[in-house]
Amino acid sequence: MKIVMLGGGPGGLGAAGAAQGTDKSAEIVVYTQFEDVAYSPCGIPFVHGKEIDSFDRLFLATKEQYVKSGIDVHYETTVDSINLKKKTIQVQGEGEIGYDKLIICTGWLYKELGIPGEDLDGIYRVKNIRSAMEWDKFLDNVKTAVVVECGPIAVEMVSAMVHRGIKTTLIDPNPWPMSDVVDPDIIEPVRKDWEDAGVDMRWGEKVTAIRGDKTVTHVETTFGDVQADIVILGTPKSPNNDLAKAAGIKIGSTGGIVIDSRCQTSDPDVYAAGDCAEIVHGITNLPLQGLTGSHAYAQGKVAGVNAGGGERIYQPVHVPWGMLAGKTMIGGLSFGETTATAVGMNYIVGSTTGITRARYYPGVQPITVKLLVDPSNRRLVGAQMVGAEGVKERADFLGVVSRAGLTIDALATMENVYSPAIGALNEPIQIAAADAVMKLDGKV
Amino acid sequence: MTFPQWIRTNSEHYLLCDAQDRMARSKGFNAPNKPRGLKDNIWRRVLIPVYHMMPWGLKKLVMQSIPGSHKKSWPRKNFRSK
């Protein structure tokens, strides 16, 4: 049995390891267009921001480890096409290669702006570690940066530019950072931090052209020209699935590959995982695309097990998420008020601002927790949080609560850890849940 | 771009604009741009208000009708012990 992975990101490598673990006699081959696999691209902004001292720390395994484990990785190799009938792929420099099972993990691309000058040098799309190493040296001489649109990577990059002392202009047609995910009150401390650090933020404005002679010198915008030694793209993720599309594999409304819970595509011998595929949301039952590396890795493992002859299913997602934006942590689960309002969902909000440790313990930090509850069944449909610590663990916990379908009453009466250095007497989630219960029961 | 992709992209964008506008007004934050041009106006002044007038059950039906992964098998595991 030969199992071929297209893509060497978390989905592809998760799939390769799981396929090998399921069928130890299978030949496992990974094709990647990049120079490396098994590194954390999510860490790149933090090396640029000097929180991490070296790109070497982002590598998780060496090329030799893959050779030793029997996973045959073809680096810097481009796959041109997939032939579903013949069960082959066309590989540059290798010709036609057969497969028994194919797993597509081709990831994502930045949505292009569709404006003049997008092919100039000096436009940075944060993704590949080797190019990030080159860009990092370039950043040493950069005085002015323009960040175009403020998705999650851009949020981290703005903070990185601030840490490096680079004069940064942020231009976004939307009204606040990550406005397709985060509520304005939750992201406000991040916006305020940037304002205090001197970031020039232009919300509701657009870059209309990128100008320069070979290399970027400035951008034209709806409010005038802005000087730029570098332009950093922060546009939304778009699924990279031209190969799948050209092969005739079914694509969904998100632009991602349609898969079932076994990660199987419209072709029974082809699987897909990660950002090139669309996944079902656990609350709305709608397809989503463009989640996190941990989702891609878990989906890859499911695809790998099934391609190897095993049986594993991936569950609909409830999307716990979190990130560090400068000094502030933000995070949540599924819906925020903005997204719930957008779909027209009926919800009640319970919220509080609590503390992360005992009030007298050094390092205690405030944390705001906002819970969204469906009044028809009293279940959690979303959460948003902002603080300086403890966001990730709470988001993970709420993810399990949502998946298990527990009611807000369970949270309002939850037990919690009280230990001065790590937890306050009152758990903010419990207080926010109690607030929601009071509203649901008409006591407020 | 296929028709379902076009519908999803546009409806998502304009539903978000409308929701951001409501959020901004209720919480006192920066609002999104006002509709500009025919397409913006049709979506934000006609189609989005019509969508919001529909009951939640009908909204769900409309959203579920788009093609995609949700039409395939996605069984929910019961993680509780028996």
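J.: Help me understand the overall build of chain B, please; the structure alone is not making it clear to me.
T.: Within chain B, the secondary structure is distributed over three helices and zero strands. Ordered by position from the N terminus, the helices and strands of chain B form the series α-α-α. The C-alpha atoms of chain B give a radius of gyration of 17 Å, which is well past the 12 Å a tight globule of 82 residues would have. With the C-alpha coordinates aligned to their principal axes, the bounding extent of chain B is approximately 55 × 35 × 25 Å. For chain B, with 82 residues in total, the buried portion stands at 37%. Pairs at least 24 apart in sequence give 45% of the contacts found in chain B among residues at least 6 apart. For chain B, the accessible area works out to roughly 5,500 Å², and carbon and sulfur atoms hold 61% of it. Measuring between centres, the 17 positive side-chain charges of chain B sit 12 Å from its 4 negative side-chain charges.

J.: Can you walk me through the pairing of strand β5 (residues 88-91) of chain A in this structure?
T.: Each regular strand shows side chains that alternate between the opposite faces of the sheet. All names here are of chain A. Across four bridges, strand β4 (residues 79-83) lies against β5 in antiparallel orientation. The partner of Asn83 across the bridge, within β5, is Thr88. The antiparallel hairpin formed by β4 and β5 contains four residues in its connecting segment, where Lys87 sits at a positive phi of about 55 degrees. Note: β5 against strand β6 (residues 95-98), four bridges, orientation antiparallel. By the bridge assignment for β6, Thr88 is matched with Gly98.

J.: Which parts of the structure should I look at to understand the confidence of the model for chain B?
T.: The predicted coordinates of low-pLDDT regions are not to be read in fine detail. Across chain B, the average pLDDT comes to 92, with 100% of residues at or above 70. Two numbers describe this predicted complex: its pTM, 0.93, and its ipTM, 0.95.

J.: What's the story with the pattern of salt bridges in this structure? I'm lost.
T.: For side chains of opposite charge, pairing can occur when their charged atoms come near one another. The full count for this structure, using the stated rule, is 30 salt bridges over all chains. A salt bridge links Asp275 of chain A to Lys237 of chain A; the shortest N-O distance between them is 3.1 Å. Of this pair, Asp275 of chain A sits in the loop between β19 (270-272) and β20 (277-280) while Lys237 of chain A sits in strand β17 (residues 237-239); the two residues are 38 residues apart in sequence, bridging distant segments of the chain. Put simply, Asp183, Asp185, Glu337 and Lys370 of chain A together with Lys27 of chain B are held in one network by salt bridges that share partners.

J.: Just to check I follow, could you spell out the environment of Gly300 of chain A for this structure?
T.: All names here are of chain A. Structurally, the position occupied by Gly300 is in helix α8 (residues 293-307). Assessed through its relative accessible area of 0%, Gly300 is described here as buried. If sequence neighbours within four positions are ignored, Gly300 has contacts with Gly11, Gly14, Ala15 and Ala273.

J.: It is not clear to me how the sheet that holds β20 of chain A should be interpreted in this structure. Could you clarify?
T.: Adjacent strands of a sheet form backbone hydrogen bonds with each other and so pair up, either parallel or antiparallel. Residue and element names in this part refer to chain A. Ordered in space as β18-β20-β21, the three strands form an open sheet in which the pairing is mixed. A single partner strand is all that each edge strand has here, and the edge strands are β18 (257-258) and β21 (287-288). The pairing of β20 with β21 spans two bridges and is antiparallel. Directly across from Ile279, in β21, lies its bridge partner Leu288.

J.: Explain the interface of chain A and chain B here, please?
T.: Reports often express the size of an interface as the amount of accessible area lost when the parts come together. Each partner contributes residues to the interface: chain A has 51 residues there, and chain B has 35 residues. Counting each side, the surface lost to burial between chain A and chain B is near 3,500 Å², with a carbon and sulfur contribution of 60%. Joining chain A to chain B, the criterion identifies two salt bridges. Between Glu337 of chain A and Lys27 of chain B there is a salt bridge, with its nearest N and O atoms 2.9 Å apart.

J.: Could you clarify how one ought to interpret helix α1 (residues 3-27) of chain B in this entry?
T.: Each α-helix turn comprises 3.6 residues. Residues three or four places apart therefore point the same way. Along its 25 residues, α1 of chain B runs 36 Å from first to last C-alpha, staying within 8% of the 36 Å computed at 1.5 Å per residue. Where α1 of chain B terminates, the next one or two residues include Gly28 of chain B, which has phi positive at roughly 75 degrees.

What counts and how
Residues numbered from 1 in each chain as written. Chains lettered and ligands numbered in written order. Predicted model: local features only at pLDDT ≥ 70, side-chain atom pairs only at ≥ 80, totals over all residues. Heavy atoms only, no water. Helix = DSSP H or I, 4+ residues; strand = E, 2+ residues; numbered from the N terminus. Rg over C-alpha atoms; globule rule 2.2 N^0.38 Å. Buried < 20%, exposed > 50% of the residue type's maximum accessible area, 1.4 Å probe, protein only. Contact = heavy atoms within 4.5 Å. Areas by Shrake-Rupley, 256 points an atom, 1.4 Å probe, with all protein chains shown as cover. Lys, Arg positive; Asp, Glu negative; His and termini not counted. Charge placed at Lys NZ, Arg CZ, Asp CG, Glu CD. Pairing = 2+ DSSP bridges. pLDDT = per-residue confidence, 0-100. Salt bridge = Lys/Arg side-chain N within 4 Å of Asp/Glu carboxyl O. Buried area = accessible area lost by both parts, 1.4 Å probe. Expected span 1.5 Å × (residues − 1).

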